[in-house]
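What the coordinates show
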Amino acid sequence: MRNLLTAALLILLSACGGDDESRALQYYFTYDPRSLDPALSTDVPTGEVVALLFDTVTRFDVDGRLVPGLATRWETDSTGRVYTFHIRTGARFHDGRPLTAHEVRTSFLRALDPKNTGARAWPLTPIRGAAAFTAGTSSEVDGLAAPDDTTLVITLDQPLNIFPKFLAMPATAIVPPDPPADFDQHPVGSGPWRFVSWSHDDEIMLAKNPDYWGGAPRSDSLRIRIIPEPLTQAAEYEAQQLTVVEIPFGETRRWELAHPDELQRRPAIRDLYIAMNTTRGPLRDVRVRRAINLAVDVPTLLHTVMADRGVRAAGVIPPGIVGYDSTRAPYHYDPAAARRLLAEAGYAGGFPLQLWRSQRPEYARIAQSVQQYLGAVGIRVEIVERDASSARAAVRKGQADLFLSDWYADYPDAENFTYPLFDSKNRGPGGNYAFLADTALDAMIERMRSTPDSAQQAALARDVDGRIFDLAPWIFLWFPVDLWALQPDVTGWRIPAIFFGQRWMDTRRTDVAVTK
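Note that residues are indexed from 1 along each chain, following the sequence as it is written. Reporting of local features is limited, given that this is a predicted model, to residues whose pLDDT is at least 70; pairs of side-chain atoms are given and counted only at 80 or more, and all residues count toward the totals for whole chains, interfaces and linings. Side-chain calculation: all heavy atoms of the structure are included, whereas hydrogens and water are not.

1. Notes on the overall build of the protein chain
Secondary structure follows DSSP: runs of H or I at least 4 residues long count as helices, runs of E at least 2 residues long count as strands, and numbering of each begins at the N terminus. Across its full length, the protein chain holds 15 helices and 20 strands. Each radius of gyration is computed over the set of C-alpha atoms, and the globule rule expresses the reference value as 2.2 Å times the number of residues to the power 0.38. Computed over its C-alpha atoms, the radius of gyration of the protein chain comes to 24 Å, within 12% of the 24 Å expected for a compact globule of 516 residues. Along the longest, intermediate and shortest principal axes, the C-alpha atoms of the protein chain span 75 × 60 × 40 Å. In this analysis, two residues are considered to be in contact whenever any of their non-hydrogen atoms come within 4.5 Å of each other. Across the protein chain, the fraction of contacts at a sequence separation of at least 24, relative to all contacts at a separation of at least 6, is 70%. Under the convention used here, Asp and Glu are negative, Lys and Arg are positive, and both His and the chain ends fall outside the count. A single reference atom marks each charge: NZ on Lys, CZ on Arg, CG on Asp, CD on Glu. Mean positive and mean negative side-chain charge positions of the protein chain (55 and 64 charges, respectively) differ by 4 Å.

2. A short note on the side chain of Ser190
Within the secondary structure layout, Ser190 lies in the loop between α5 (163–166) and β8 (193–199). Exposure remark for Ser190: the relative accessible area of 0% places this residue in the buried category. Within the structure, the side chain of Ser190 is placed 2.8 Å from the side chain of Asp55, a separation counted as a polar contact. Note on exposure labels: buried denotes an accessible area under 20% of the residue type's maximum, exposed denotes more than 50%, and partly exposed covers the range between, all computed with a 1.4 Å probe on protein chains only. What qualifies as a polar contact is a pair of N or O atoms within 3.5 Å, subject to a donor-acceptor requirement within protein and to the restriction that residues adjacent in sequence count only when both atoms come from side chains.

3. Section: the packing of helix α8 (residues 286–295) against helix α10 (residues 335–344)
The geometry of α8 relative to α10 is characterised by a closest axis approach of 8 Å and an angle of 165° between their N-to-C directions. With respect to each other, α8 and α10 are oriented roughly antiparallel. As for how α8 packs across α10, the hand of that crossing is left-handed. Along its contact with α8, which presents Arg287, Val288, Arg290, Ala291, Leu294 and Ala295, the element α10 presents Pro335, Ala337, Ala338, Leu341, Leu342 and Glu344. All axes are obtained by fitting lines to C-alpha atoms, using only the stretch in contact for helices, and the reported angles, taken between N-to-C directions, cover 0 to 180 degrees. The scheme is simple: roughly parallel for angles under 35 degrees, roughly antiparallel for over 145, roughly perpendicular for 65 to 115, oblique for anything else. The handedness criterion is simple: a crossing whose near helix is rotated anticlockwise from the far helix by less than a right angle is left-handed, and one whose near helix is rotated clockwise is right-handed.

4. Points about the pairing of strand β6 (residues 144–148)
Should DSSP find at least two bridges between two strands, the strands are taken to pair. Two elements, β6 and strand β7 (residues 151–155), share three bridges in a ladder whose sense is antiparallel. Residue pairing for β7: Asp148 is matched across the bridge by Thr151. Two successive antiparallel strands, β6 and β7, enclose a turn made up of two residues.

5. Considerations on the environment of Asp387
Secondary-structure assignment places Asp387 in the loop between β16 (379–385) and α12 (388–396). On the basis of relative accessible area, Asp387 is assigned to the partly exposed category, the value being 32%. Residues Asp387 and Ser358, spaced 29 residues apart in sequence, show a C-alpha to C-alpha distance of 5.2 Å. Side chain to side chain, Asp387 and Ser390 meet in a polar contact 2.8 Å long.

6. Focus on the pattern of salt bridges
Salt bridges are defined as contacts in which a side-chain nitrogen from Lys or Arg sits within 4 Å of a carboxyl oxygen from Asp or Glu. Scanning all chains against the criterion turns up 32 salt bridges. Across the salt bridge formed by Arg128 and Asp142, the nearest N and O atoms sit 3.2 Å from each other. Highlighted residues: Arg128 in the loop between α3 (101–112) and α4 (130–135) and Asp142 in the loop between α4 and β6, separated in sequence by 14 residues. According to the relative accessible area criterion, Arg128 is partly exposed, its value standing at 31%. In this structure, Asp465 and Arg328 form a salt bridge, with 2.9 Å as the shortest nitrogen-oxygen distance. With Asp465 in helix α15 (residues 454–471) and Arg328 in the loop between β14 (310–312) and α10, this residue pair connects regions lying 137 residues apart in the sequence.

7. Quick word on the nonpolar core
Ranked by size, the top nonpolar core spans 157 residues in total, and within it Phe85, Phe108, Ile154 and Phe163 carry the most contacts. Among the elements that take part in this core, strand β18 (residues 474–486) stands out by supplying 10 residues, more than any other. Those residues in contact with Phe163, other than ones at most four positions away along the chain, are Tyr83, Phe85, Pro123, Pro126, Ile127, Ile154 and Leu156. What we call a nonpolar core is a set of buried Ala, Val, Leu, Ile, Met, Phe, Trp, Tyr and Cys residues that are connected through their side-chain atoms within 4.5 Å.

8. Thoughts on the sheet that holds β6
Read from one edge to the other, the open sheet built from four strands follows the order β4-β5-β7-β6, with strand pairing classed as antiparallel. Strands with a single pairing partner mark the edges of an open sheet, and in this sheet they are β4 (71–76) and β6. When strand polarity is set aside, the average angle formed by the axes of neighbouring strands in this sheet is 20°. Strand direction decides the pairing type here: β4 and strand β5 (residues 82–87), joined by five bridges, are antiparallel.

9. Comments concerning the environment of Trp356
Mapped onto the secondary structure, Trp356 falls in strand β15 (residues 351–357). Under the relative-accessibility criterion, Trp356 is labelled buried at 11%. Sequence spacing of Trp356 and Asp32 is 324 residues, and the spatial spacing of their C-alpha atoms is 28 Å. When residues no more than four places from it in sequence are discounted, the contact partners of Trp356 are Val384, Arg386, Ala391, Ala394, Gln399, Ala400, Leu402, Phe403 and Leu404.

10. Let's talk about the confidence of the model for the protein chain
The predicted coordinates of low-pLDDT regions are not to be read in fine detail. The pLDDT value tells you how sure the predictor is about a given residue, anywhere from 0 up to 100. Averaged over the protein chain, the pLDDT score is 93; the fraction of residues at 70 or greater is 94%. Low pLDDT, under 50, characterises residues 4–8; the stretch is placed with three contacts to residues that sit more than four places away or in other chains. Contacts of residues 14–20 to residues separated by more than four positions or lying in other chains number one contact, the stretch itself having pLDDT below 50.

11. Focus on the sheet that holds strand β1 (residues 25–29)
One open sheet holds the four strands; their spatial order is β1-β10-β9-β8, and the pairing between them is mixed. Every interior strand has two partners, whereas the edge strands, β1 and β8, have only one. The mean angle between the axes of side-by-side strands here comes to 20°, regardless of whether they run parallel or antiparallel. Both strand β9 (residues 203–208) and strand β10 (residues 221–226) contribute to a ladder of five bridges, which runs antiparallel. Within β10, the residue paired with Glu203 across the bridge is Arg225.

12. Some thoughts on the packing of aromatic side chains
Any Phe, Tyr or Trp ring, taking Trp's six-membered ring, that has another such ring centre within 6.5 Å forms a pair; planes under 30 degrees apart are called stacked, those over 60 apart edge-to-face, and the others tilted. Tallying each qualifying case throughout the model produces 29 aromatic pairs. Charges are assigned to positions over rings by a cutoff of 6 Å between ring centre and Lys NZ or Arg CZ, combined with an angular limit of 35 degrees from the ring normal. The aromatic ring of Trp213 is capped on one face by Arg88, whose charged end is 3.8 Å from the ring centroid. The ring of Phe249 has Arg309 lying over it, and the distance from NZ or CZ to the ring centre is 4.1 Å.

13. As for unusual backbone geometry
Phi angles above zero are rare outside glycine, and Asp201 is one such case at about 60°. Its location among the elements puts Asp201 in the loop between β8 and β9. According to the relative accessible area criterion, Asp201 is exposed, its value standing at 58%. The backbone of Phe435 sits at a positive phi, close to 55°, despite the residue not being glycine. Along the chain, the position of Phe435 falls in the loop between α13 (419–422) and α14 (439–450). By relative accessible area, Phe435 is classed as buried at 14%.

The following block contains the structure:
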């Protein structure tokens, strides 16, 4: 069946091949996906392709809003623990098999199966019995039931108001029953695009699914190329061989001058920050941490290093996320006030710190500037540069004083910027690189995660963000702004709020050629 399907898709693409190849939709990744199997979706390229080939029970639209996917609607009971999802009729896998609530349940069990080594099953582990099943200590997940073709009932271990957002994650995408051993190389989903071919480290070819329940994509094919180098990406775009291209921060001014009408901007759901290990030496004192924030001229850094592509941070919840407080003022640049706080804490003579960073070019300039700013108030900073994996390994073990990093949202919710990054249960490997442990904050986060009332959840999110800001476990830098160029003859594409939120459904090239 799979070979017949692939042959049919290749014939379809050949029939559409009369157009110049440069007129087709052409996207790119900087590296090859790890896999095309949702259960192994642990990297950005895999997640993006999975969103094109497969469906999820819920999904995020291009603006990061949670919308129906395979489920047309859902509700929860008064306890906040039992969710009922109503699965749409008429959805089918690309090989023609029907997709019902039973296939959803089977797919979830497969994603939780401990035999799927390297899986990213955490979105499903809140289900009652899932953690034991994944650990191999139970053969059942009693919180997962499909009483009929259109009803999926999920019971959680404890109330979790964001759980429907978890079911939009790529790792929860629905695969057919009993997939073959090479499914990760030849996937069959139910999404708007069908798999055609994958030439590793070169390209992935997809064809539109004309029978998609949500309507067929407006273009016939989508070619995803593997292009690691930003300069090559830019050259390919300017030769009209890419439909879109992301603009590096260092290239912002050039593109603003050369292609002003082709640029799109979007505030990213992302934090750029420097974590301060609150268990190490002087950093245990909140006055020292606040002094460090006052000592760094963030507006100048944002202008010189990032070409003003960012929004100053006065907390950790980005703009566009419920809980963001636009009225809270950032720490202002005041080295004199910083020195007074340091003296009050008993460190008038300063002290040494190590600032760890990865090898990203813009990080070098940020780290050097922070080193100079802190040196001006007596804090002697040594910069430690490592590859990304080595740096994170050291930070997770608590070996770094300061760590320059960023955080991309897995899902657009205040919980994703608070619970993993600051709850005491997640110190170190869990994402809390500041090793912050504050019982009041933990209790606030727990209430935010469990309340079923959306207004109360928003108020709690603002309060949580305010307490984090007061505790100053980070040097709060900025929320970056994404910048992309789009070919002038292309319509229907926008920068997605979440990385797998752009499914290329409405994107097409017009019939009018554009001369550059």
